[in-house]
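Here is what each chain is made of, one letter per residue.
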Amino acid sequence: MTKKYEVGEVVTGKVTGIQPYGAFVALDENTQGLVHISEITYGFVKEIEEYLKIGDVIQVKILEIDETSEKISLSTRALQEAPPQKKKDSQPRKTLQDRVNENDENGFKSLKDKLQDWIEQSGQ
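My aim in this report is to walk through the structure given alongside it, one point at a time. (Residues numbered from 1 in each chain as written. Predicted model: local features only at pLDDT ≥ 70, side-chain atom pairs only at ≥ 80, totals over all residues. Heavy atoms only, no water.)

### Comments concerning the environment of Thr31
So, step 1. Counting through the fold element by element, Thr31 comes out in the loop between β2 (22-26) and β3 (32-36).
So, step 2. Taking the C-alpha atoms as reference points, Thr31 and Tyr5, separated by 26 residues in sequence, lie 9.6 Å from one another. (Helix = DSSP H or I, 4+ residues; strand = E, 2+ residues; numbered from the N terminus.)

The following block contains the structure:
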């Protein structure tokens, strides 16, 4: 690495290659990093080419630097605004018994309560 890069730094780079697992981005003449497919954008990315093309000049955030292997993990997603979270229903979740009671007018009656009914139904 010619220039000293730091984790968290936002830099401009040029897409030099695309593989099924991510895009290689040149940060300078001697340094490149990888934007993993999961770091391209929020949500599912099937084809990287739908978001990036070779030759694109893009801004990336440095997520991790492995000094030993000189590998740099990059992200374009980290520079995007996160989509709003889906709001959960404000009603409390119903218990299993409440749900059964809605679908079965008898609910879960104990065996003791049902036993007499079964005897009468069997005709004995």
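Read on for the rest.
### Quick look at the sheet that holds strand β4 (residues 57-66)
Two strands in a sheet stick together by hydrogen bonds in their backbones, pointing the same way (parallel) or opposite ways (antiparallel).
So, step 1. Read around the closed barrel, five strands run β1-β2-β3-β5-β4, paired in mixed fashion. When the angles between neighbouring strand axes are averaged without regard to direction, this sheet yields 50 degrees.
So, step 2. In this sheet, β2 lies alongside strand β1 (residues 10-19) in antiparallel orientation, the contact comprising five bridges. Residue pairing in the sheet places Gln19 in a bridge with Gly22 of β2. (Pairing = 2+ DSSP bridges. Axes fitted to C-alpha atoms, helices over the stretch in contact; angles between N-to-C directions.)

### Details of the pairing of β4
So, step 1. In this sheet, β4 lies alongside β1 in antiparallel orientation, the contact comprising five bridges. Bridge pairing links Thr12 to Gln59 in β4.
So, step 2. Bridge count for β4 against strand β5 (residues 71-75) is five bridges, and the pairing is antiparallel. Looking at β5, one finds that Ile62 is bridged to Leu74.
So, step 3. Here β4 folds back onto β5 in antiparallel fashion, the turn holding four residues, of which Glu70 has a positive phi close to 60 degrees.

### Thoughts on the pattern of salt bridges
So, step 1. Tallied over the full model, the rule gives two salt bridges.
So, step 2. With a closest N to O distance of 3.4 Å, Lys4 and Glu67 form a salt bridge. Of this pair, Lys4 sits in the segment before β1 while Glu67 sits in the loop between β4 and β5, placing them 63 residues apart in sequence.
So, step 3. Residue Lys4 is classed as exposed on the basis of its relative accessible area of 58%.
So, step 4. Note on Glu67: relative accessible area 47%, which makes it partly exposed.
So, step 5. Across the pair Arg77 and Glu39 runs a salt bridge whose closest N-O atoms are separated by 3.1 Å. (Salt bridge = Lys/Arg side-chain N within 4 Å of Asp/Glu carboxyl O. Buried < 20%, exposed > 50% of the residue type's maximum accessible area, 1.4 Å probe, protein only.)

### Considerations on the packing of aromatic side chains
So, step 1. Applying the stated criterion across every chain yields a total of one aromatic pair.
So, step 2. For the ring pair Tyr21 and Phe24, a centre distance of 6.2 Å and an interplane angle of 90 degrees mean the geometry is edge-to-face.
So, step 3. Of the residues examined, Tyr21 reaches a relative accessible area of 39% and is grouped as partly exposed.
So, step 4. Residue classification places Phe24 among the partly exposed positions, given a relative accessible area of 23%.
So, step 5. The ring of Tyr42 is capped by Arg77, whose NZ or CZ atom sits 5.3 Å from the centre of that ring. (Phe/Tyr/Trp six-rings, centres within 6.5 Å; stacked < 30°, edge-to-face > 60°. Lys NZ or Arg CZ within 6 Å of the ring centre and 35° of its normal.)

### A few points about the nonpolar core
So, step 1. By size, the foremost hydrophobic cluster in this structure holds 19 residues, and its most contacted members are Leu27, Ile48 and Leu74.
So, step 2. Every element with two or more residues in this core is listed here: β1, β2, β4 and β5.
So, step 3. Sorting elements by how many residues they give to this core places β4 first, with four residues. (Core = buried A, V, L, I, M, F, W, Y, C linked by side-chain atoms within 4.5 Å.)

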